[in-house]
Amino acid sequence: MARLGKISVIVAAGLVVVSTPLIWLLDGPGAGQLAGASVQAAVAVAALVWAVLQPPPLAGPTDTVSGSGTARGGAVTGIRRPGGRGRGSASVERSGDAHGPNAVSGIDYSG
């Protein structure tokens, strides 16, 4: 789970855990309200525990190119990540030459 998602679940669960007894006590509790509040609090606690116990996200693959050749006429020598997709790091050392339209030597994040 992404860090922002994990933080969101923890905050939401914390708010539900805190708000459940307050709403129940302010409204003159009945048996149905007690049961509903108990279920709501149990679900919030379960979500909180689940979010805390999630493993950290994987960093993703590492893409490395060293000593690439020459790119001509729209070719790519190196790494292509269309639209910037990919979660890991990307590095290129000693990239070759790029000749012609749309030729890329290195890392291509376009389209």
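Please read these numbers as outputs of a predicted model, since none were measured by experiment.

Colleague: What is the right way to read the overall build of the chain from this model?
Modeller: Counting its secondary structure elements, the chain contains two helices and six strands. Along its sequence from the N terminus, the chain presents helices and strands in the succession α-α-β-β-β-β-β-β. Within the chain, the fraction of its 111 residues that count as buried is 16%. Total accessible area on the chain is roughly 7,400 Å²; 65% of this is exposed by carbon and sulfur atoms.

Colleague: Whenever I open this one, the pattern of salt bridges confuses me. Can you help?
Modeller: Opposite charge on two side chains permits them to pair, given that their charged atoms come into close proximity. The full count for this structure, using the stated rule, is one salt bridge. Measuring nitrogen to oxygen at the nearest pair gives 3.8 Å for the salt bridge that ties Arg94 to Glu93. Residue Glu93 is classed as partly exposed on the basis of its relative accessible area, which comes to 44%.

Colleague: Can you help me understand the environment of Ser68 in this one?
Modeller: Its location among the elements puts Ser68 in the loop between strand E1 (63-66) and strand E2 (71-72). Judged by its relative accessible area of 15%, Ser68 is buried. Those residues within four positions of Ser68 in sequence are excluded, and the remaining contacts are Thr77, Gly78, Arg94, Ser95, Gly96 and Ser105.

Procedures and definitions
Residues numbered from 1 in each chain as written. Predicted model: local features only at pLDDT ≥ 70, side-chain atom pairs only at ≥ 80, totals over all residues. Heavy atoms only, no water. Helix = DSSP H or I, 4+ residues; strand = E, 2+ residues; numbered from the N terminus. Buried < 20%, exposed > 50% of the residue type's maximum accessible area, 1.4 Å probe, protein only. Areas by Shrake-Rupley, 256 points an atom, 1.4 Å probe, with all protein chains shown as cover. Salt bridge = Lys/Arg side-chain N within 4 Å of Asp/Glu carboxyl O. Contact = heavy atoms within 4.5 Å.

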